[in-house]
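# Chain and residue survey
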Amino acid sequence: GGAHVERRDGRMTAWVDLDAFANFCRNNNPADRADLADAIATGCDMVDARCGPQVTTSIVEHVHGGAYRLTLAARPASLTSIVTYVGGTALTKTDFDFSGQVLFRRNGGWIAEDLMVTYSAGAATAPRWAADAAKLIGQQWWLSRLRPGPSQTPVGFLVPKQAEELMDGHELASLGFG
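Residues numbered from 1 in each chain as written. Predicted model: local features only at pLDDT ≥ 70, side-chain atom pairs only at ≥ 80, totals over all residues. Heavy atoms only, no water.

### As for the overall build of the chain
- Of regular secondary structure, the chain possesses 4 helices and 7 strands.
- Ordered by position from the N terminus, the helices and strands of the chain form the series β-α-α-β-β-β-β-β-β-α-α.
- Counting all 178 residues of the chain, 39% fall into the buried class.
- Looking at the chain as shown, the accessible area adds up to about 9700 Å², and 51% of this sits on carbon and sulfur atoms. (Helix = DSSP H or I, 4+ residues; strand = E, 2+ residues; numbered from the N terminus. Buried < 20%, exposed > 50% of the residue type's maximum accessible area, 1.4 Å probe, protein only. Areas by Shrake-Rupley, 256 points an atom, 1.4 Å probe, with all protein chains shown as cover.)

If you want it as structure tokens, here you go:
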């Protein structure tokens with residue numbers, strides 16, 4: 001499946017308040033605001049990439065049929081529409097349901113055709129664990145920029161263990177495994 005998520009400037013909108021993040025980093029220097037905004041946007045992007053959208057986001061996704069259960073890229077909060085990929089025939093969305101990332105027919109039937117599924121994922125506000133993980137990742141990104149040496153952050157260095165632990169149990173299944 002190929003999910004299309006509406007993004008602004010190539011990334012999701014940060015869902016952690018910039019002032020709260022600046023206080024978390026103990027940095028209220030006005031000259032650092034733009035870099036702090038980039039840092040928290042990076043943290044939010046990383047949590048969204050690993051765990052799915054945390055705040056309400058509309059997703060349009062092409063999923064391949066040929067199964068009883070189809071894995072979506074994110075966990076829907078609600079289904080908006082389901083149409084056949086070829087021909088664009090609208091299907092009755094109440095004939096379908098979801099559990100986690102898995103879309104299925106309510107009657108247990110086979111889904112033969114490829115579908116374009118439009119759904120809403122996330123909630124009105126990000127859960128506390130996600131905001132805390134985003135702050136830790138953003139702080140790590142911010143601090144890594146201040147260190148002398150190579151300008152690139154080493155692989156595996158951006159997500160601190162504490163943030164990984166907060167995200168544990170919330171991470172998305174890889175596509176193909178719902």
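### Let's talk about the environment of A20
- In this fold, A20 is placed in helix α1 (residues 18-24).
- Its relative accessible area of 31% is what places A20 among the partly exposed residues.
- Between the C-alpha atoms of A20 and K135, which are 115 residues apart in sequence, the distance is 9.1 Å.

### Brief notes about the side chain of K135
- Tracing the chain through its elements places K135 in helix α3 (residues 128-146).
- Despite its burial, K135 pairs with no opposite charge, the nearest such side chain being D132 at 4.3 Å.
- If near-sequence neighbours (up to four positions away) are discounted, K135 is found in contact with V16, F21, F24 and I40. (Lys, Arg positive; Asp, Glu negative; His and termini not counted. Salt bridge = Lys/Arg side-chain N within 4 Å of Asp/Glu carboxyl O. Contact = heavy atoms within 4.5 Å.)

### Topic: the packing of helix α2 (residues 33-51) against α3
- As a packed pair, α2 and α3 sit with axes 7 Å apart at the nearest point and diverge in direction by 130°. Between α2 and α3, the angle is such that the two are oblique. Two packed elements cross with a definite hand, and for α2 against α3 that hand is right-handed. Along its contact with α2, which presents D35, L36, D38, A39, I40, T42, G43, C44, M46, V47 and C51, the element α3 presents W129, A130, A133, A134, K135, I137, G138, W141, W142 and R145.
- A per-class count over the contact of α2 with α3 returns 14 nonpolar, 3 polar and 4 charged. (Axes fitted to C-alpha atoms, helices over the stretch in contact; angles between N-to-C directions. Parallel < 35°, antiparallel > 145°, perpendicular 65-115°, else oblique. Left-handed = near helix turned anticlockwise from the far one by under 90°. Nonpolar A, V, L, I, M, F, W, Y, C, P; charged D, E, K, R; others polar.)

### Focus: α2
- Its 19 residues give α2 an end-to-end C-alpha distance of 27 Å, which sits within 8% of 27 Å, the value for a rise of 1.5 Å per residue.
- Buried within α2 we find L36, A39, I40, A41, T42, G43, C44, D45, V47, D48 and C51.
- Those residues of α2 that are buried are in contact with α1, α3 and α4 (161-167).
- Directly beyond the C-terminal end of α2, a positive phi value near 90° is found at G52. (Expected span 1.5 Å × (residues − 1).)

### Looking at the nonpolar core
- Core analysis: the largest hydrophobic core is formed by 26 residues, its most contacted members being W15, V16, F21, V47, A134, I137 and M167.
- Those elements that place two or more of their residues in this core are α1, α2, α3 and α4.
- The element best represented in this core is α3, accounting for 9 residues.
- Apart from the residues lying within four places of it in its own chain, the contact partners of A134 are W15, V16, I40, G43, C44 and V47.
- With 14 residues, the next largest nonpolar core counts I59, L79, L115 and A121 among its residues. (Core = buried A, V, L, I, M, F, W, Y, C linked by side-chain atoms within 4.5 Å.)

### Some remarks on the pattern of salt bridges
- Applying the stated criterion across every chain yields a total of 5 salt bridges.
- The partner of R106 in a salt bridge is D97, and the shortest N-O contact between them spans 3.6 Å.
- According to the relative accessible area criterion, R106 is exposed, its value standing at 54%.
- Under the relative-accessibility criterion, D97 is labelled partly exposed at 24%.
- With a closest N to O distance of 3.2 Å, R105 and E113 form a salt bridge.
- Overall, the relative accessible area of 19% leaves R105 in the buried class.

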